[in-house]
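The chain contents come next:
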Amino acid sequence: MATAHENFVFFDINGLKAFSFTETSHSITSGQPYHGVTSGIKKEDGHDQAYIMVNAGRKKTTAVANWFKSATGNGQTVVCDSAGTYPNELNFAVQGTMKITNQSNQVIVVENFIVAQGHFILTNNWWISSPTMQGIHVSISGAATQVCSMEGSVIPVIVTFSPKTPCVNHFSIGI
C-alpha cells in the first residue's frame, strides 16, 4: 500500500519575514497518494528557514521526470546530490508561485517555480527549476538566477538559487 510522507525542502533566505508557495500544477507517480502542498517558515538548523512541504507518496518514475523536463523547458535546473543536469526519475514534482517577503515588507514573486524530489544513492534528493531560470549546472552543485517581480513595482528583481552544502533538501536563495 502506498503511503504519503511529509517531504520538506528548505530555503535559507537572508532577511526573511514571510514565505508562501501556491501550487498551480503537479505530477506524481500513478497510484501514489497526493495531499497537496503547505509552506511557511520554521526553525531548521537553528534558524528560521522557508519551507515547502509536499504531502505525497514516494515512488520514482520516468513519467514524473518527463513532466519536470517539460515544465522546465529551456530553464536551468539546480539539484542537491546528482550527477546529471536533468533527473531520469522523480517521485513527484510541483509547480507554483513562490512569494518571499523581506524585512522591508517587499514581496518578491517567483513565477513558475518547480520543486521535485528524486532519489540519489541512499537519499531522496531535491531539484528546483523554472522555465526562466538561467545559470550553470556543475555536477552536484551549480547556481542559477531568475528575473522576478516585486509587488507594487515595475523594477525587476534578480533572485539567485544554489544548493546549500551539504545538500539533500536545502537551498540558498539570494535577493
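Further up the page is the structure itself.
As the structure is a prediction and not an experimental result, all values here were calculated from the model.

Visitor: Summarise unusual backbone geometry; cite the residues concerned and give the values.
Guide: A positive phi is found at Asn105, a non-glycine position, where the angle reads about 65°. As for its placement among the helices and strands, Asn105 is situated in the loop between β6 (92-102) and β7 (107-117). Judged by its relative accessible area of 48%, Asn105 falls in the partly exposed class. With a phi close to 55°, Asn112 is a non-glycine residue in the positive phi region. Relative to the elements of secondary structure, Asn112 occurs in strand β7. Taking the relative accessible area as the measure of exposure, Asn112 reaches 37% and is therefore partly exposed.

Visitor: Let's hear about the environment of Asn7: which residues, and what values?
Guide: If you trace the backbone, Asn7 turns up in strand β1 (residues 5-13). Relative accessible area serves as the criterion here: at 1%, Asn7 is assigned to the buried category. Taking the C-alpha atoms as reference points, Asn7 and Met53, separated by 46 residues in sequence, lie 5.3 Å from one another. Those residues in contact with Asn7 that lie beyond four places of it in its chain are Ile52, Met53, Val54, Ala56, Arg58, Phe92, Gln117 and Trp126. In this structure the side chain of Asn7 is engaged in a polar contact, spanning 3.3 Å, whose partner is the side chain of Gln117.

Calculation notes
Residues numbered from 1 in each chain as written. Predicted model: local features only at pLDDT ≥ 70, side-chain atom pairs only at ≥ 80, totals over all residues. Heavy atoms only, no water. Helix = DSSP H or I, 4+ residues; strand = E, 2+ residues; numbered from the N terminus. Buried < 20%, exposed > 50% of the residue type's maximum accessible area, 1.4 Å probe, protein only. Contact = heavy atoms within 4.5 Å. Polar contact = N/O pair within 3.5 Å; in protein donor to acceptor, adjacent residues only side chain to side chain.

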